[in-house]
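Take a look at the letters that make up each chain.
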Amino acid sequence: MRNLEQRAEVKYITNTQSWLQAFVIGMNFCPFAKVPFDQNRIQYLVEESTDLKEIVSTVGDAMHNLMATSETEIETSLIILPNVLPDFMEYLNFVDVLQDFLEEAKLEGNLQIATFHPEYQFANTTPHDAENYTNRSPYPMIHLLREKSVSRAIDHYPDVYDIPEKNIERLEQIGAEAIKNKWNEVTGTH
C-alpha cells in the first residue's frame, strides 16, 4: 500500500514541478521562483487527507519546519492538496482558517501564505479570463513564503509592483483559449 502512496505522491510533485517550469517560471509569472527551483530549495509536501483539521496540522508543521530550517536549504514550501477543496470559494474560506492559524502561531511577519488553485479566479474577472492562469495550479495548493525573502525580492527587483499588470498583459496577448490549451496540456486536464 505504501508503494502506491509513494507513486501517487511522486506524480503530484512531478505534475507540480512541470506546472512550475511551464507557467510560473516559463512564463515568468514570478521572477523569483527560478533560483529556488533550480537550486532545489522548494519543499514539496503532499497531503492526501480530506480531513481539514489534519490539513491544518500539516500546514502548521510545514510553517514551523520552514522557520526552523535555513533558507539555504528550504526557501519556500508548497503543500499540495490533491483530494480536497475542489470548490474555489471553499478553498478561500480554508485559507482564511490557515491565516488565522498563522497569526495564532505568532508567525505573521515571518511567513506569508500565497494561493494556487485549479479554478483560481481573481475578483472582477470571469472564470475564463486569461489572467486567472497566473494562479491556477494542477491541484489546490498552499504556498508558504518567508517574509524576509519577499522583502529582499521587493528591495532588489525593479518595478516589482508592475509584475501582476505585466502578467495580465502577457496573458491577454496570448489569449484565453491558447493559455487554457497550454494549461490543459501541462496539467493533464481537459
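That block above? That's the structure.
Residues numbered from 1 in each chain as written. Predicted model: local features only at pLDDT ≥ 70, side-chain atom pairs only at ≥ 80, totals over all residues. Heavy atoms only, no water.

*Asks:* Run through the pairing of strand S2 (residues 76–80), naming residues and quoting values.
*Replies:* Taking burial as the measure, the 5 residues of S2 include 5 buried ones, the bulk of the element. Judged by which residues are buried, S2 turns out to be covered on both faces: Thr 76, Leu 78 and Ile 80 on one side and Ser 77 and Ile 79 on the other are all buried. Taken together, the 5 bridges between strand S1 (residues 42–46) and S2 define a ladder with parallel strand orientation. Following the sheet pairing, Gln 43 is matched in S2 by Ser 77. The parallel pair S1 and S2, bridged by helix H3 (residues 52–68), forms a crossover whose chirality is right-handed. As paired strands, S2 and strand S4 (residues 141–146) are joined by 5 bridges and run antiparallel to one another. If you follow Ile 80 over to S4, its bridge partner there is Met 141. (Buried < 20%, exposed > 50% of the residue type's maximum accessible area, 1.4 Å probe, protein only. Helix = DSSP H or I, 4+ residues; strand = E, 2+ residues; numbered from the N terminus. Pairing = 2+ DSSP bridges. Right-handed = clockwise from strand over helix to strand, strands pointing away.)

*Asks:* How would you summarise the side chain of Ser 137 if you had to cite specific residues and measurements?
*Replies:* By the element assignment, Ser 137 lies in the loop between strand S3 (111–116) and S4. Taking relative accessible area as the criterion, Ser 137 reaches 0% and is therefore assigned buried. A polar atom in the side chain of Ser 137 sits 3.2 Å from the backbone nitrogen of His 117. A distance of 2.5 Å separates a polar atom in the side chain of Ser 137 from the backbone oxygen of Tyr 139. Setting aside residues up to four positions removed in sequence, Ser 137 forms contacts with Trp 19, Phe 116, His 117, Pro 118 and Trp 183. (Polar contact = N/O pair within 3.5 Å; in protein donor to acceptor, adjacent residues only side chain to side chain. Contact = heavy atoms within 4.5 Å.)

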